[in-house]
Amino acid sequence: MKNLKRRDALKTVALAAGGLFAGNAMALDTRPPKIPSLDGSWISKDKACAIFQQGSVLLIVNERGDLATAHTTGADSFTIVGGNGWARGLSAKLLDRGKSIQWSDATSWAKA
């Protein structure tokens, strides 16, 4: 029950903050590569994370609640373009048919 409340809170904060970071993402290439849906709940270090996707633009919330905007860079990859508590340029690659994410800082997320 506690995780559900936390996820709902993360979704609310993420949606509200999405507009703050969207400006950086809008200046990117308008031809998005095809990428599987990343939308939904993810797990990192046994804590809830989330990704909200609109085409090639991603709003990402890590296990600490830090928000970032990212854009897809290929059929199985994306890169952080801005965010509080995130390294700009941090990249990620989808593995296991989109069921896990391997970050360039050696961390990983699993689909919840």
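Refer to the structure above for everything that follows.
Residues numbered from 1 in each chain as written. Predicted model: local features only at pLDDT ≥ 70, side-chain atom pairs only at ≥ 80, totals over all residues. Heavy atoms only, no water.

A.B. asks: Could you give an account of the overall build of the chain, with specific residues and numbers?
C.D. replies: Secondary structure assignment for the chain yields one helix and eight strands. The secondary structure elements of the chain, listed N-terminal to C-terminal, are α-β-β-β-β-β-β-β-β. Across the 112 residues of the chain, 41% fall into the buried class. Restricting to contacts in the chain with at least 6 residues of sequence separation, those with at least 24 account for 40%. Accessible surface, the chain as shown: approximately 6500 Å² in total, 54% of it carbon and sulfur. (Helix = DSSP H or I, 4+ residues; strand = E, 2+ residues; numbered from the N terminus. Buried < 20%, exposed > 50% of the residue type's maximum accessible area, 1.4 Å probe, protein only. Contact = heavy atoms within 4.5 Å. Areas by Shrake-Rupley, 256 points an atom, 1.4 Å probe, with all protein chains shown as cover.)

A.B. asks: An account of the sheet that holds strand S7 (residues 100–103) is requested, with residue identities and associated values reported.
C.D. replies: Taken together, the eight strands give a closed barrel; going around it, the order is S1-S2-S3-S4-S5-S6-S7-S8, and neighbouring strands pair in antiparallel fashion. With direction set aside, neighbouring strand axes in the sheet form an average angle of 30°. Bridge count for strand S6 (residues 91–95) against S7 is four bridges, and the pairing is antiparallel. Across the sheet, the residue bridging to lysine 93 is glutamine 102, located in S7. (Pairing = 2+ DSSP bridges. Axes fitted to C-alpha atoms, helices over the stretch in contact; angles between N-to-C directions.)

A.B. asks: Tell me about the environment of threonine 72, and please be specific about residues and values.
C.D. replies: Assignment of secondary structure puts threonine 72 in strand S4 (residues 67–74). On the basis of relative accessibility, which here comes to 6%, the residue threonine 72 falls in the buried class. In sequence terms threonine 72 and isoleucine 35 are 37 residues apart; their C-alpha atoms lie 7.4 Å from each other.

A.B. asks: Break down the layout of surface pockets for me, citing the residues and quoting the values.
C.D. replies: Its volume calculated, the second largest pocket comes out at about 160 Å³. Asn62, Glu63, Arg64, Asp105 and Thr107 are, among the 13 residues lining the second largest pocket, the residues nearest its centre. Grouping the amino acids of the lining of the second largest pocket by side-chain chemistry returns five nonpolar, four polar and four charged. (1 Å grid on protein atoms, 1.4 Å probe; cavity = no way out; pocket = protein on both sides within 12 Å on 5 of 7 lines; lining within 4 Å. Points joined across faces, edges and corners; volume = space filled by probe spheres on them. Nonpolar A, V, L, I, M, F, W, Y, C, P; charged D, E, K, R; others polar.)

A.B. asks: Give me the nonpolar core: which residues, what numbers.
C.D. replies: Ranked by size, the top nonpolar core spans 18 residues in total, and within it Ile60, Phe78, Ile101, Trp103 and Trp109 carry the most contacts. At the level of secondary structure, the elements contributing two or more residues to this core comprise strand S2 (47–54), strand S3 (57–61), S4, strand S5 (77–83), S6 and S7. Excluding anything up to four places from it in sequence, tryptophan 103 contacts Ile60, Phe78, Ile80, Trp86, Leu90, Ser91, Ala92, Ser108 and Trp109. Membership of the second largest hydrophobic core comes to five residues, among which are Ala50, Leu59, Val61 and Leu67. (Core = buried A, V, L, I, M, F, W, Y, C linked by side-chain atoms within 4.5 Å.)

A.B. asks: Which residues make up the environment of lysine 45, and what are the values?
C.D. replies: Relative to the helices and strands, lysine 45 is located in the loop between strand S1 (40–44) and S2. On the accessibility criterion, lysine 45 (60% relative accessible area) is exposed. As a C-alpha pair, lysine 45 and tryptophan 109 span 64 residues in sequence and 8.0 Å in three-dimensional space.

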